[in-house]
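Descriptive structure summary
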Amino acid sequence: MPTFIPFNMRATVREDHKRSFRTDIERLTSGHRGWAPLDVVKSTDTQALLRGAVPESVHTATDASLARYLQDRLVADDDIHVDLTVCIER
C-alpha cells in the first residue's frame, strides 16, 4: 500500500488566464482527479490555497519537484494553467 504525502499548494492566476481562473479552481477540486485529490482551504479571484495528498514517489522529494509534477499533470490532463507553490508536510 502506498504512503501518501500531504501537501499545501498555492495556485496563482496567470496573467493570460485570468478569465478562466475561478473555473480552473472548481475543476481542480471536482473530485475526479484520483492522482491528487484537492480541497480548497481559501480562494480569491487571483489565488487559491489548497490541501491535498499524493503517493510518495520521486516527485515528492522536494517542494519544487512536486510543484513541477503537479503543474505538468494539470496542464496535460485538464489544460489548467496556474502557477503553483507547494509545501510538503513532513
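Attention in this report is confined to the structure presented alongside it. (Residues numbered from 1 in each chain as written. Predicted model: local features only at pLDDT ≥ 70, side-chain atom pairs only at ≥ 80, totals over all residues. Heavy atoms only, no water.)

**Let's talk about the sheet that holds strand E4 (residues 82-88)**
Strand order in the open sheet formed by 4 strands is E2-E3-E1-E4, with antiparallel pairing between adjacent strands. Two strands lie at the open edges of the sheet, namely strand E2 (38-43) and E4, each paired on one side alone. This sheet shows a mean twist of 25° between the axes of neighbouring strands, independent of strand direction. Where strand E1 (residues 4-13) meets E4, 7 bridges bridge the pair, whose relative direction is antiparallel. Bridge pairing in E4 links Val 13 to Val 82. In the packing of helix H2 (residues 63-78) onto the sheet, the strands contacted are E1, strand E3 (47-55) and E4, and the crossing angle to E4 comes to about 140°. (Pairing = 2+ DSSP bridges. Helix = DSSP H or I, 4+ residues; strand = E, 2+ residues; numbered from the N terminus. Axes fitted to C-alpha atoms, helices over the stretch in contact; angles between N-to-C directions. Contact = heavy atoms within 4.5 Å.)

**Looking at helix H1 (residues 21-28)**
For H1, the complete set of buried residues consists of Phe 21, Asp 24, Ile 25 and Leu 28. Taken around the axis of H1, the buried residues stretch over an arc of 100°, which confines them to a single face. Residues of H1 that are buried make contact with E1, E2, E3, H2 and E4. (Buried < 20%, exposed > 50% of the residue type's maximum accessible area, 1.4 Å probe, protein only. Arc of directions from axis to C-beta.)

**Comments concerning the pattern of salt bridges**
One pass over the full model with this rule turns up 4 salt bridges. Asp 83 is paired through a salt bridge with Arg 14; the nearest N and O atoms lie 2.9 Å apart. Residue Asp 83 is located in strand E4, and its partner Arg 14 is located in the loop between E1 and H1; the two are separated by 69 residues in the primary sequence. Under the relative-accessibility criterion, Asp 83 is labelled partly exposed at 36%. On the basis of relative accessibility, which here comes to 23%, the residue Arg 14 falls in the partly exposed class. Two residues, Lys 18 and Glu 15, come together in a salt bridge whose shortest N-O distance is 3.3 Å. Lys 18 sits in the partly exposed class, given a relative accessible area of 46%. The exposed category is assigned to Glu 15, whose relative accessible area is 64%. (Salt bridge = Lys/Arg side-chain N within 4 Å of Asp/Glu carboxyl O.)

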